Amino acid sequence: MSTVSVVDVAKRYQLGKQEVVALDNINLSIEAGEFTAIAGPSGSGKSTLLNLIGCIDTPDRGAIIINGTDVSRQTPDELADYRANTIGFIFQTFNLLPVLTALENVEYPLLHRKDVSKQERHERVMHFLDVVGLASFAGHRPNELSGGQRQRVAIARALATHPSIVLADEPTANLDHKTGQGVLDLMKAINRDSKTTFIFSTHDAKVMQIADRVVNMGDGRIIA
């Protein structure tokens with residue numbers, strides 16, 4: 001069963017007086033539990049595609065179907081609710097809140113979930129900090145952590161909502177080779193053990209080497 005189906009999707013943006021075709025008739029199916037890399041140069045459309053799958057934006061034409069739900073025409077509020085319950089995000093800049101500890105950063109997206117009790121919230125946070133090897137750093141703020149540790153906190157935060165899909169936008173771009181490899185190995189292990197679907201937007205050859213599948217993009221189209 002497909003976790004994500006992208007059907008005849010097009011997306012255009014207005015850049016001054018010029019219309020930019022970001023995506024042109026994209027069709028893509030990603031299976032549950034897949035570890036997929038979407039690769040291509042800057043401007044190829046991979047980040048736009050990731051944003052559409054992540055319910056951050058909607059297509060001009062076509063459908064985005066996630067776990068059987070067509071999210072293409074949902075309202076911003078509906079998209080926000082769906083995003084909070086279904087999708088985890090990992091960014092190249094980590095996007096941690098500097099005034100919060102590692103524990104509080106991981107906990108933050110759960111504070112808006114009325115279905116998660118305070119006790120369960122704490123248990124989830126500590127569990128995923130342990131999964132990424134940072135339980136002993138729970139009280140540290142981002143400026144007290146290395147780049148690799150910050151990315152691990154971001155991974156724990158993405159997983160704490162129990163998403164079925166994790167979207168990772170250039171997650172190794174700001175990490176050195178060894179640290180980046182360690183973070184990738186961790187995500188691959190989580191993918192293997194929990195069957196969580198991972199979808200990457202990347203230039204990184206290391207990501208492409210360990211992906212189950214590489215989707216190459218150029219000029220808003222899938223080319224391989």
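Higher on the page you've got the structure.
The numbering scheme is per chain: residues are counted from 1 as the chain's sequence reads. For a predicted model such as this one, the threshold for reporting local features is a pLDDT of at least 70, and the threshold for listing and counting side-chain atom pairs is 80 or more; totals across whole chains, interfaces and linings nevertheless cover every residue. As a rule here, side-chain values cover all heavy atoms of the structure and leave hydrogens and water aside.

Asker: Looking at this structure, how should I read the pairing of strand β3 (residues 35-39)?
Answerer: Moving residue by residue along a regular strand, the side chains alternate between the two faces of the sheet. Accessible area is worked out with a 1.4 Å probe on protein chains only. A residue is then buried under 20% of its type maximum, exposed over 50%, and partly exposed in between. The way it works is that DSSP assigns letters per residue, a run of H or I at least four long becomes a helix, a run of E at least two long becomes a strand, and they are numbered from the N terminus. When you tally the buried positions in β3, you get five out of five residues, the bulk of the element. Side chains F35, A37 and A39 of β3 all project onto a buried face; the interleaved residues T36 and I38 project onto the opposite face, where all are buried too. Two strands are said to pair when DSSP picks up at least two bridges between them. Sheet topology note: the β3/strand β8 (residues 197-202) ladder contains five bridges and is parallel. Bridged to F35 within β8 is F198. As judged from the four bridges shared by β3 and strand β9 (residues 213-218), these two strands associate in the parallel manner. Paired with A37 across the two strands is V214, which belongs to β9.

Asker: What should I look at first to understand a nonpolar patch on the surface in this one?
Answerer: Among the surface-exposed residues, Y13, L15 and V20 lie close enough to one another that they form a single nonpolar patch of about 260 Å² accessible area. Among the structural elements, V20 can be located in strand β2 (residues 18-31). Exposure above 30% relative accessible area and no salt bridge define the residues that can form patches, which grow by joining like charges within 9 Å and nonpolar side chains of Val, Leu, Ile, Met, Phe, Trp and Tyr within 5 Å. Residue burial considers only the protein chains on display, and all accessible areas are found by Shrake-Rupley using a 1.4 Å probe. Counted as salt bridges are all cases of a side-chain nitrogen of Lys or Arg within 4 Å of a carboxyl oxygen of Asp or Glu.

Asker: What is the right way to read helix α5 (residues 147-160) from this model?
Answerer: Owing to its 3.6 residues per turn, the α-helix aligns residues three or four sequence positions apart on the same side. For a helix, the expected span equals 1.5 Å multiplied by the residue count minus one. Over its 14 residues, α5 runs 20 Å from end to end, which matches the ideal 20 Å to within 8%, given 1.5 Å per residue. In terms of burial, α5 is a largely internal element, 11 of the 14 residues being buried. Along α5, the residues that are buried comprise G148, Q149, Q151, V153, A154, I155, A156, R157, A158, L159 and A160. Considering only its buried residues, α5 is in contact with β6 (87-91), α3 (102-107), α4 (118-131), β7 (165-169) and α6 (177-194). A contact between two residues is defined here by any heavy atoms of the two lying within 4.5 Å.

By themselves these figures say nothing about function.
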